[in-house]
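Architecture and fold: a report
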Amino acid sequence: MGSQDVLSETTRLASSSALLQILFRVITFGLNAFTLRYVSKEMIGLVNVRLTLLYSTVVFLAREAFRRACLSGSTKRNWTKTINLLWLTVPLGVCWSLFLGWIWLQLLEVPDPNAVPYYKIGVVAFGLSAVVELLGEPFWVLAQAHLFIRLKVIAESLSIISKCILTVILVVLYPQWGLYIFSLAQLLYTSILVLCYVMYFMKFLGSPEATKKSFPVSRMTDLLPNLTEDQTVVDWKEARLTWSFFKQSFLKQMLTEGERYVMTFLNVLNFGDQGVYDTVNNLGSLVARFIFLPIEESFYIFFAKVLERGMDVKLQKQDDIAMAAAVLESLLKLVLLVGLSITVFGYAYSQLALDIYGGSMLSLGSGPGLLRCYSLYVLLLAVNGVTECFTFASMCKEEVDRFNFVMLALSFSFLCVSYFLTQWQGSVGFILANCFNMSIRIAHSIHYIYNYFKESSYRPLKGLLLSPSLIFVYIISGVVTVFSEVFLCCDKGWLARLIHITVGALCFAATLITIFFTETKLINFVRTQFLSRYTKKET
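Rules of the game
Residues numbered from 1 in each chain as written. Predicted model: local features only at pLDDT ≥ 70, side-chain atom pairs only at ≥ 80, totals over all residues. Heavy atoms only, no water. Helix = DSSP H or I, 4+ residues; strand = E, 2+ residues; numbered from the N terminus. Buried < 20%, exposed > 50% of the residue type's maximum accessible area, 1.4 Å probe, protein only. Areas by Shrake-Rupley, 256 points an atom, 1.4 Å probe, with all protein chains shown as cover. Lys, Arg positive; Asp, Glu negative; His and termini not counted. Salt bridge = Lys/Arg side-chain N within 4 Å of Asp/Glu carboxyl O. Contact = heavy atoms within 4.5 Å. Core = buried A, V, L, I, M, F, W, Y, C linked by side-chain atoms within 4.5 Å. Patch = residues over 30% accessible without salt bridge, like charges linked within 9 Å, V, L, I, M, F, W, Y side chains within 5 Å. Expected span 1.5 Å × (residues − 1). Bend = angle between axes of the 7 residues up to and from the residue. Phe/Tyr/Trp six-rings, centres within 6.5 Å; stacked < 30°, edge-to-face > 60°. Lys NZ or Arg CZ within 6 Å of the ring centre and 35° of its normal. pLDDT = per-residue confidence, 0-100. Axes fitted to C-alpha atoms, helices over the stretch in contact; angles between N-to-C directions. Parallel < 35°, antiparallel > 145°, perpendicular 65-115°, else oblique. Left-handed = near helix turned anticlockwise from the far one by under 90°. Nonpolar A, V, L, I, M, F, W, Y, C, P; charged D, E, K, R; others polar.

1. Concerning the overall build of the protein chain
- Within the protein chain, the regular secondary structure consists of 22 helices and 0 strands.
- Across the 539 residues that make up the protein chain, the buried fraction comes to 56%.
- Split by element, the accessible area of the protein chain, about 24,000 Å² in all, is 67% carbon and sulfur.

2. Here we look at the side chain of Arg50
- Following the sequence through the fold, Arg50 ends up in helix H2 (residues 41-70).
- The buried charged residue Arg50 lacks any salt bridge partner; its closest oppositely charged side chain belongs to Glu109, at an N-O distance of 4.8 Å.
- In this structure Arg50 touches Gly45, Trp104, Leu108, Glu109, Val110, Pro111, Tyr119, Thr264 and Phe271, once residues within four positions along its chain are discounted.

3. Points about the environment of Ile154
- Here Ile154 is to be found in helix H7 (residues 151-173).
- Residues Ile154 and Tyr197, spaced 43 residues apart in sequence, show a C-alpha to C-alpha distance of 10.0 Å.

4. A short note on the nonpolar core
- Membership of the largest hydrophobic core comes to 148 residues, with the highest contact counts inside it found for Trp104, Phe201, Phe215, Phe303 and Phe390.
- If you look at the next biggest cluster of nonpolar residues, it comprises 5 residues, including Ala348, Tyr349, Cys489 and Cys490.

5. Points about the pattern of salt bridges
- For the coordinates displayed, the defined rule picks out 12 salt bridges.
- Linking Lys152 and Glu156 is a salt bridge whose minimum nitrogen-to-oxygen distance equals 3.7 Å. Of this pair, Lys152 and Glu156 are both found in helix H7, 4 residues apart, which corresponds to roughly one turn of the helix. For the pair Lys152 and Glu156, one class covers both residues: buried.
- One salt bridge connects Glu329 with Lys521, and the closest N-O pair in it is separated by 3.4 Å. Highlighted residues: Glu329 in helix H14 (residues 318-358) and Lys521 in helix H21 (residues 520-530), separated in sequence by 192 residues.

6. Some remarks on a nonpolar patch on the surface
- The grouping of Phe34, Tyr38, Tyr118, Ile121, Ile165, Ile169, Val172, Leu173, Tyr174, Trp177, Tyr180 and Leu184 at the surface amounts to a nonpolar patch, some 1,100 Å² of accessible area in total.
- Secondary structure elements with two or more residues in the nonpolar patch: H7 and helix H8 (179-204).
- Here the nonpolar patch takes 4 residues from H7, the largest share from any one element.
- Within the fold, Tyr118 resides in the loop between helix H4 (89-106) and helix H5 (119-134).

7. Considering helix H13 (residues 286-306)
- When the terminal C-alpha atoms of H13 are compared, their 30 Å separation across 21 residues agrees well with the 30 Å that a helix rising 1.5 Å per residue should span.
- Bending of H13 peaks at approximately 40° at the position of Phe292, with proline Pro294 no more than four residues after it.

8. What to know about the packing of aromatic side chains
- Taken as a whole, this structure holds 21 aromatic pairs when the rule is applied.
- Summarising the aromatic geometry, the rings of Trp96 and Phe99 are spaced 6.4 Å apart at their centres and angled 65° between planes, so their arrangement reads as edge-to-face. One end of the pair is Trp96 and the other is Phe99, both in helix H4 and 3 residues apart, which spans about a single turn.
- For Trp96, a relative accessible area of 17% gives the class buried.
- For Phe99, a relative accessible area of 46% gives the class partly exposed.
- Among the aromatic side chains, those forming a connected cluster through ring pairs are Phe299, Phe302, Phe303, Phe390, Tyr448, Tyr452 and Phe453.
- Here the basic side chain of Lys163 rests over the ring of Tyr189, its NZ or CZ set 5.4 Å away from the ring centre.
- Over the aromatic face of Tyr347 sits the side chain of Arg372, whose NZ or CZ is 5.2 Å from the ring centroid.

9. Things to note about the confidence of the model for the protein chain
- Here the protein chain averages 82 in pLDDT, while 90% of its residues score no lower than 70.
- When the elements of the protein chain are averaged for pLDDT, helix H22 (residues 532-535) gives the smallest value, 46, and H5 the largest, 95.
- Scored below 50 in pLDDT, residues 533-539 makes 10 contacts in the model with residues more than four places away or belonging to other chains.

10. Topic: the environment of Asn282
- Residue placement: Asn282 occurs in helix H12 (residues 271-284).
- As for Asn282 and Asn48, which are separated by 234 residues in sequence, their C-alpha atoms are 9.6 Å apart.
- With residues near it in sequence (within four places) discarded, Asn282 still touches Asn48, Arg260 and Arg289.

11. Describing the environment of Ile501
- Within the secondary structure, Ile501 sits in helix H20 (residues 494-518).
- Overall, Ile501 belongs to the partly exposed group, its relative accessible area being 37%.
- Once you skip the residues sitting within four places of it in the chain, Ile501 turns out to touch Tyr349 and Leu352.

12. Brief notes about the packing of H2 against helix H11 (residues 258-266)
- It is at 10 Å that the axes of H2 and H11 come closest, and there the two elements cross at 120°. The pairing of H2 with H11 is recorded here as oblique in orientation. Crossing hand, H2 versus H11: left-handed. On the side of H2, the interface is formed by Asn48, Val49, Arg50, Leu53 and Thr57, while H11 contributes Arg260, Tyr261, Met263 and Thr264.
- Of the residues belonging to the contact of H2 with H11, the class tally is 4 nonpolar, 3 polar and 2 charged.

Written out as structure tokens, the structure reads:
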């Protein structure tokens, strides 16, 4: 597959993922808003912070390194050895689940059983759900490597919707079940997720479509561990790369979930405050999950396939380098504009959004301030996602190992900064600490990208520069919407709220028009790569 074909398939993957996630997550958004009105803050804090942290830690440490290593390079590989390597995620997940489950049960503070009953059952269920999800890892990697566009999004969306529906039903009918409700919902989520992949491949393998594509796997039994005596069980080059990524993933997990580790192990917030923080965090990260994450995951595959790891720019195909530079510049511009729009307009509409979503439980107190700070963090998330996407896709093994030391320093500094900022500013300190660490990660990735293209004529970092007229429109929009919030929101009735929303819509429209006329290169990129598949028939 040529680089242009890879780019075409990648943009289809990113755009389809984003659109389908928006469609399915709107339903989930409504179901979660409904659940908030039936569950206490303490229950939300325990489930969404402590138990979800157990699940996400087991899953991340068991599979992230394998995913990055096995998705690097071409799809033309010995898939038997790759699948054997991927199955190691299951025993690794069992070990992590047992070890971390013991910590969660024996070393951490046990919540009041009257406020949050069945805590031990919740720990066991969330640890088990992580192991269940790892059973689908070979299917996931095979699907991602061959750019199966809708499978991942539909599987995840159906799983999430099923989880939310079951949660709503049980919360309304059997509220006394406590953590049983969320434990059953979590197990349902991971089971449906794995079943979607298994059922898809059962139908796909051996079909005329698979034969036409020369798919490297022909039977379901080929997706099971295959131990043959006449060859090595795994590709040792992939295994060594996996080990490098594993050391990095451990540190990255500390950065990604750092505030939850501080909350869980240092008890800087009670379960109620943790519940408010996590709900605001989830609401603030909607765009990151809808748009930035699909772009990052999809274009990591593009850069990993087009670029040669560790090879000098001058020694690679110049057409591929030119395309990679152009795509990187456009992606940086795209996520910068989306993130900046969220930062500017999010400040004036945070309180209104929280009041609509969760009522007074969220809109009064620390909630609005948290979401305003988070809108700035989203901008940093946007830029970091793309810069690290390119960095990790082009680094050689030695560079990945060196970067591990940077991540180690960042992990330590984050834990220290978040602890002291939380003591000073409360839950807002977590977001400020995240902004601090994300800024350092962005600076590191920008430095790497600058050096990578230094000997060439390409300057993709120009994507981080905006025209003066666009900056001026953003400033005016921010000032106007802040004044609108002061005079119209949020205790002056629904008519004032509607006027406030209308003011924001007009300012946003002015911003979009300015973008259309000043960022012509980006508009052309979006039109040709993301929108072309919706304006013509697929061949």
